Amino acid sequence: MAITREDVLHVAALARLEIPEDEVDTVRDQLGAILEAVGKVSELDLSEVEPMTHPLDLVNEWAEDEPRPSLPRDEALANAPDPFEGQFRVPAVGG
Amino acid sequence: MAPQTSEADRTVIDTLRLTAEEAAGLLGRGEVSGDELVGAYLAAIEARDPELHAYLHVEGERGNGVPIAHKDVITTKGIPTTAGSKILAGYTPVFDSTVAARCKAAGLPILGKTNLDEFAMGSSTENSAYGPTRNPWDPERVPGGSSGGSAAAVAGGLAPWALGTDTGGSVKQPASLCGVVGLRPTYGTVSRYGIVAFASSLDQVGPLTKTVRDNAGLYALIAGKDPCDSTTVELPAPVVIPEGTDLTGVRIGVAREMNEAEGIDPGVGERVNEAIRLAEELGADVEETSLPRSVDYGLACYYLVAPAEASSNLARYDGVRYGHRAEIDGDLTALYSRTRWEGFGAEPKRRILLGTYALSAGYYDAYYGQAQKVRTVIAQEHAAAFERFDVLVSPTSPTVAFRIGEKAENPLAMYLSDVLTIPSNMAGLPGLSIPCGLSEGLPVGLQLIGPQFSENTLFRVGHALEQAIGFDYVPERLT
Amino acid sequence: MSWEPVIGLEIHVQLKTRTKMFCRCENVWGEEPNTRTCPICLAHPGTLPVPNRTAIEWAVKLGLALGCQIAARSLFHRKNYFYPDLPKGYQISQYDVPVASRGRFVVPGPDGDREIGIVRAHLEEDAAKTVHVGGAAGRIHGAEASLVDFNRGGTPLVEIVAEPDVRSGEEARRFLQLLRQTVVELGISDAEMEKGSLRCDANVSVRRAGEEGYRTKTELKNMNSFKFVADGITAEVERQIGIYEAGGEVVQQTLHFDPQKGTIAPLRSKEEAHDYRYFPEPDLVAIEPPEELVERARAEVGELPGTRIRRLEAEVDFDLAYGLVTSGRDGLYARVPGEDRRAVANVLMNQLAATGVDPAAVAGDELGKLIDARETIPRQAFLDALAASADDGFSAERYLAETTVSDASELDPVIDGILAANPGQVEAYRGGKEGLLGFFVGQVMKETQGKADPRAVNERLREKLSA
Ligand SMILES: [Mg+2]
Ligand SMILES: [Zn+2]
């Protein structure tokens, strides 16, 4: 199935990537070519095959409920682009 | 190789030749100090890295162990870690990855952080936001990727050994193109904690070294269960540093599709066939076999699974807690979308979009779901082969190092250079690449694949062949 | 023809484990912002989740209390969407194979049991807290902004999805109160709606009685008290009925209930396009709860609140039984001897509740003695005794010793004084306003600090007033 301009814009919105208007067609062409190549997987009838969710079949990997020290607040915020009063500031949410 | 001795009769450290094992010997016998050793590598970096650009950051830690270079997806506390991306420019981790911590605990000083394709997405290191790395054998050519910086550093004498990561072949392929030894371990044997994630179900850390023995030594140091990574396991048997050259009784399979695939350079095929004949002379039983669907569908499968996981793994780069944030007055969505478009390079963006599409409503079953089933098929096909064989051999890369820019404009052509490393990776299997000679004056890599946890077998066979082949890992142009 | 509300509840229960779901930061409430974070819950590059064993055990326990099947094998999935309170850009949750599914929860009511189906109960991680600042009233000049505090980010939640079996706001409140009592008794959550450790969303629609299938539903959010849940749902049901009866159509949307105004308004939605791209979390392995884990959990699930209400209802009425159980007083009720069970229940729900003593610490038989004697000891002595009933070594003796004033020789002087002090009222009474008797009784009780025996006072007053 060929990927349309609308598909590209929808996926870009989901992925939070602002594709400049004049690049949308290029992106669509590249994705189209790759999708055509990878579409090869649908040649196989695998209705009877289980998907591999993990290379090793491990189960019940968990940790005991015992606290370990958290980061000092200044370290937590050390890499923040816009720290404010000990918190991470962003443009108003829901806006 | 014994170190040369000058008139002044003090040890001169030839970083181009010195193996990690020899370096440890010099330190152990007190013939050189830790500072002298690190100093020698810093001097080599100063001399040759302006041309090679293997390093993104030179740290030059002092210490009394054999120094090491880390691919820049390996988180190092207090040392910048960028994943080769602008979106992590200026990011300084507040914690150590488990592998970095284990190297630190073993007393290995950090020389620096090596260049890579952005977020380990690529096969040439041209996708680095900080410029390409050049191949020590020919600066006009790529070192492979994505661990091209680590491979070039070891081949160019800028580090005795280094760590890389391998998702679709990112340790094996650059090792092949730079004429060094590279291991992609069994999935789950090396911790991913603190490794900037690309594709979680495929990523593994692996050593790049001059010799197989060095490789086994470094693997022994980083491998084993990590409570911080739920997907790791304890090694079923301790790592054995290989010795000897006898391969009697070793059953080697030569998968037709992996050795006759179109696009394999004639010169590459010849070197690999010579290596296979040597294996027979050393006592191995060699037989032809077949992995039809693994080779046919592996690439397509990989380019659905890896981008899908990547699209999710790269969602955290939003300019809120760390990394690049766009200068823009606008709402949150606008800030996210601009920040991510500015911060990511072309290849990550391509794969995020591809992966998002493969997971999105209505396409999941046809793409991601189907690809995960193909993975099962590939794993079963390999398992069947390993009932008859201990090791499968093939070229690591269909070609020798290609010219910088040659494939930059054509993603699909670039993807093809991993066609032989991907299938076993999809099955979670270990693979070792060792140099097996030159073609057109450039190194050719031999790929050895084994069943899960067969690293000791790969080291044994790799070491035997390494001795028999007698490849000189020092690039002629640098001698 | 009448309307039938169809209500499906989605409840989030915050587990009170010591640490978060996937990292070992402390799981605490009300600390300084961003003082309980680490590279994992801040989603720094390369970090990986490690599940909290206790959270998994508690989810199994809750699943069993809800009568669910415990999955032999369950998986974590990634739910992908962008929001500043979601540091990884995805929430680790469960999708097609949750820890628990297909259960039933019995909600007793005044007119019989209602059985609410449970679709699933799954484990997930909570989002961080964002607060709005700036704007006209804000502390920052110019642009509006939000501040993110990651202390709560990554704390364990169990999300419970119920079948659309609830039929009224009142029934929703009861379902929620019984669920709260259940998790509190299991010891896995504080379940305080005001603190957000118990959250409820409701999918509401209505249909004609007897109508097949469902009509368009709306989602009600932010109802942070039991009362608001009842009021919000009731208001939304009425709104929808109003729309249909005016010949209109209900629009599918997310709504916010304003408890102050009692009104309902649309809420701005998180993502323009809801496509969460769920896929199995590759950083985690499957959960296969071992047999002994499940059996231990099963053993720790006691008799459910709903069942206990039904049992008590036979002795006292439904409201008292419901009150005793949902206030955690039925344990004490059982320990208190006494013929008149309603009287015992009433004292526990009223006077004793008013004292705020911990029911668990009260000695049942001592309290029983007090309740038997409550008519014959001064009211104040009775209340003081209740207040002290949880003190260790409490004995009813001292309070029972205090007796009421009932003989005329003590009462007459008081009564005469009061009659003398209120000639007007005396006139009015004698003129036929007999209702004033209560006034005089009150005065006497006041004068005697409640020690006078009301019956005796009534008698003497009547005599003297009709004299
Ligand atoms: Mg939820
Ligand atoms: Zn944490």
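It should be noted that the structure appears before, not after, this text.
Considerations on the overall build of chain C
Piece 1. In terms of regular secondary structure, chain C is built from 15 helices and 14 strands.
Piece 2. The C-alpha radius of gyration of chain C comes to 29 Å, more than 25% above the 23 Å expected for a compact globule of 467 residues.
Piece 3. Expressed along its principal axes, the backbone C-alpha trace of chain C runs to roughly 90 × 60 × 55 Å.
Piece 4. Considering only contacts within chain C whose residues lie at least 6 apart along the sequence, 70% involve residues at least 24 apart.
Piece 5. In the form shown here, chain C has an accessible surface area of approximately 20000 Å², with 49% of it arising from carbon and sulfur atoms.
Piece 6. The average position of the 56 basic charges and that of the 73 acidic charges among the side chains of chain C differ by 3 Å.

So, unusual backbone geometry
Piece 1. Cis geometry is found at the peptide bond from G145(B) to S146(B), where omega equals 10°.
Piece 2. One non-glycine residue, N60(A), lies in positive phi territory at about 50°.
Piece 3. Residue placement: N60(A) occurs in the loop between α2 (24–38) and α3 (73–76).
Piece 4. On the basis of relative accessibility, which here comes to 17%, the residue N60(A) falls in the buried class.

So, the sheet that holds strand β7 (residues 129–133) of chain C
Piece 1. Pairing in this open sheet of four strands is antiparallel, and the strands run β1(A)-β2(A)-β8(C)-β7(C) from one edge to the other. Where the open sheet ends on each side, the last strands, each with one partner, are β1 (83–84) of chain A together with β7 of chain C.
Piece 2. Bridge count for strand β2 (residues 87–91) of chain A against strand β8 (residues 145–149) of chain C is four bridges, and the pairing is antiparallel. When the sheet's bridge partners are listed, V90(A) is paired in β8(C) with S146(C).

Some thoughts on the coordination of the zinc ion (ligand 2)
All names here are of chain C.
Piece 1. C23 (SG), C25 (SG), C38 (SG) and C41 (SG) make up the full set of protein donors to the zinc ion (ligand 2), lying at 2.3 Å.
Piece 2. For the zinc ion (ligand 2), the four donor atoms in the first shell make angles of 101 to 114° at the metal, so the coordination geometry reads as tetrahedral.
Piece 3. Each donor residue of the zinc ion (ligand 2) lies on one chain, and together they are spaced C-x1-C-x12-C-x2-C. Remark: C38 occurs in the loop between β1 (3–14) and α1 (53–65) and C25 occurs in the loop between β1 and α1; sequence separation between them is 13 residues.
Piece 4. The class for C38 is buried, based on a relative accessible area of 10%.

Here's the deal with the coordination of the magnesium ion (ligand 1)
Residue and element names in this part refer to chain C.
Piece 1. Protein coordination at the magnesium ion (ligand 1) comes from H12 (NE2), E124 (OE) and E159 (OE), with a distance range of 2.0 to 2.5 Å.
Piece 2. In terms of primary sequence, the donors binding the magnesium ion (ligand 1) are separated according to H-x111-E-x34-E. With H12 in strand β1 and E159 in strand β9 (residues 156–162), this pair connects stretches of sequence that are 147 residues apart. For the pair shown, H12 and E159 are each scored as buried.

Regarding the nonpolar core
Piece 1. Of all hydrophobic cores here, the largest spans 186 residues; its most connected members are Y55(B), F119(B), L163(B), Y317(B), L432(B), L446(B) and L448(B).
Piece 2. Here this core gets 12 residues from one element, more than from any other, and that element is helix α9 (residues 292–313) of chain B.
Piece 3. If near-sequence neighbours (up to four positions away) are discounted, L446(B) is found in contact with V272(B), A275(B), V393(B), S394(B), T396(B), L432(B), S433(B), I434(B), C436(B) and L465(B).
Piece 4. Counting residues in hydrophobic clusters, the runner-up holds 97 residues, among them W58(C), A162(C), A235(C) and V347(C).

Quick notes on the packing of aromatic side chains
Residue and element names in this part refer to chain C.
Piece 1. As enumerated under the stated definition, the model contains 27 aromatic pairs over all chains in all.
Piece 2. Measuring from ring centre to ring centre gives 5.4 Å for W3 and Y244, while their planes differ by 15°; the resulting arrangement is stacked. Separated by 241 residues along the polypeptide, W3 in strand β1 and Y244 in helix α3 (residues 226–245) bring together distant segments of the chain. Comparing W3 with Y244 shows no difference in burial state: the two are buried.

Parameters and conventions
Residues numbered from 1 in each chain as written. Chains lettered and ligands numbered in written order. Predicted model: local features only at pLDDT ≥ 70, side-chain atom pairs only at ≥ 80, totals over all residues. Heavy atoms only, no water. Helix = DSSP H or I, 4+ residues; strand = E, 2+ residues; numbered from the N terminus. Rg over C-alpha atoms; globule rule 2.2 N^0.38 Å. Contact = heavy atoms within 4.5 Å. Areas by Shrake-Rupley, 256 points an atom, 1.4 Å probe, with all protein chains shown as cover. Lys, Arg positive; Asp, Glu negative; His and termini not counted. Charge placed at Lys NZ, Arg CZ, Asp CG, Glu CD. Buried < 20%, exposed > 50% of the residue type's maximum accessible area, 1.4 Å probe, protein only. Pairing = 2+ DSSP bridges. Donors = N, O, S within 2.8 Å, 3.2 Å for Na, K, Ca; no water. Tetrahedral: all angles 85-135°; square planar, octahedral: opposite > 155°, others 65-115°. Core = buried A, V, L, I, M, F, W, Y, C linked by side-chain atoms within 4.5 Å. Phe/Tyr/Trp six-rings, centres within 6.5 Å; stacked < 30°, edge-to-face > 60°.

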